[in-house]
Amino acid sequence: EKEMAENLCGSNPMFCFQCEQTAHGTGCTTAGVCGKSPSQAALQDQLTGELVALARVEDGQATESTWKVILEGLFTTVTNVSFSDEAIELQIQKTRDEIEKLHPECAGMVDSCPEHEPLDMCTLWEGSEDIRSLKSLLLLGLRGMGAYAYHAYVLGLTDDTVNQFMIKALKALAEDLPAEELLALDMELGQVNLACMALLDKANTTTYGTPVPSKVSTFIEPGPFIVISGHDLKDLELLLKQTEGKGIQIYTHGEMLPAHAYPKLKAYSHLKGNFGTAWQSQQKEFANVPGAFLFTTNCLMPVKDSYRDRVFTTEVVSYPGLIHIGEDKDFTPVIEKTLELGGYTQTRELTGI
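These figures come from a predicted structure and were not determined experimentally. (Residues numbered from 1 in each chain as written. Predicted model: local features only at pLDDT ≥ 70, side-chain atom pairs only at ≥ 80, totals over all residues. Heavy atoms only, no water.)

S.K.: Even after reading the chapter, I still don't get the nonpolar core, so can you show me in this structure?
M.R.: Note that soluble globular proteins tend to have their nonpolar side chains buried in a common cluster. Met145, Met166, Leu170 and Phe275 are the most contacted members of the largest nonpolar core, which has 72 residues in total. Top contributing element to this core by residue count: helix α6 (residues 129-154), with ten residues. (Core = buried A, V, L, I, M, F, W, Y, C linked by side-chain atoms within 4.5 Å. Buried < 20%, exposed > 50% of the residue type's maximum accessible area, 1.4 Å probe, protein only. Helix = DSSP H or I, 4+ residues; strand = E, 2+ residues; numbered from the N terminus.)

Structure (structure tokens):
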């Protein structure tokens, strides 16, 4: 326990044990296996603390803006989403601004306002190994659930049970609760997460139809093409609409593969197939490919020079030096780059390279 506590809040540049790929199966202490830097790890911890502060001052006053800030904040801290200090700092500021909206008396003095008590992540891990484990499960599960809820939110659906549990769980992270209460919260997290998954399923199926078994091509046809990665079906739909009639083909990548099963997305004739293998192989498979890549959620790995000029991000995904498509969802930069690159001159299969 002493060694773990020293790792968490000791002299190491960082400590993160969020994902299954963490160094040595215990934690990344110098840099993230995912590519996250110590500064990004520290900022994500700070953002988590600010989200806890927001939950503690919410007191039934949450607006749609509040829920959006919480969902974006949780999603930003998921692995392989944001590699930009600036983007995380912006999310921290959004959270602090939301605190001020709920408590105007804190305006301009949020750091000294008694209503604002951001959680120091070191205190989160104090206590026995059981307490740390139970709080870790609660926090990491909450981040994953926040991502699901975010995708439902962008399609217009929310669930008050899910929202209220997020407030409850964030507040609990800062409280000195016994193991029995934390275990009960973790069990409740599982139940609420099922409700959240049902919400996302409803959002997807009511918007794009009930998924059907579908054959998906792994061949890349000649001509300009865009590869879209992540989970966000709304972004895919918008990209399909903006590229319609432009001679551009769209291919999914990684966790966007299930999009091919939704009838309203399948109806777009230029949604052609799936590019490459697992998302972990992108640094090899994207090299020198004559197409553009759009990342919508948590599949991004550190970008190599061999394809850096053709990678774009949107939503809470961010990486230094890349063009980010903002809330206006104008994919013109992606389209222009795609047409410039031109694509392959003959059909190619890229699976298994």
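S.K.: How should I be thinking about the pairing of strand β2 (residues 225-229) in this particular structure?
M.R.: On a regular strand, each side chain points to the face opposite its neighbour's, so the side chains alternate between the two faces of the sheet. For β2, a buried count of five out of five residues is recorded, marking the element as mostly surrounded by other parts of the structure. Relative to strand β3 (residues 249-253), β2 runs parallel, the two sharing five bridges. Residue Phe225 lies in a different strand from β3, and its bridge partner there is Gln249. Note that the unit made of β2, helix α9 (residues 233-243) and β3 has a crossover that is right-handed. Looking at chain direction, β2 and strand β5 (residues 292-295) are connected through four bridges and run parallel. Note that in β5 the partner of Ile226 across the bridge is Ala292. (Pairing = 2+ DSSP bridges. Right-handed = clockwise from strand over helix to strand, strands pointing away.)

S.K.: When you look at the packing of aromatic side chains in this model, what are you seeing that I'm missing?
M.R.: Two measures describe an aromatic ring pair: the distance that separates the ring centres and the angle between the ring planes. Going through the model one piece at a time under the given rule, you end up with eleven aromatic pairs. Both rings, one in Phe75 and one in Tyr150, keep their centres 5.4 Å apart while their planes meet at 65°; by these two values the pair is edge-to-face. One end of the pair, Phe75, is in helix α3 (residues 64-76); the other, Tyr150, is in helix α6, with 75 residues separating them in the sequence. Side by side, Phe75 and Tyr150 carry an identical accessibility label, which is buried. Ring centres of Phe286 and Phe293 lie 3.8 Å apart, and the angle between their planes is 20°; this geometry places the pair in the stacked category. Each of the two residues, Phe286 as well as Phe293, counts as buried. Chaining the aromatic ring pairs together yields one cluster made of Phe275, Phe286, Phe293, Phe295 and Tyr307. (Phe/Tyr/Trp six-rings, centres within 6.5 Å; stacked < 30°, edge-to-face > 60°.)

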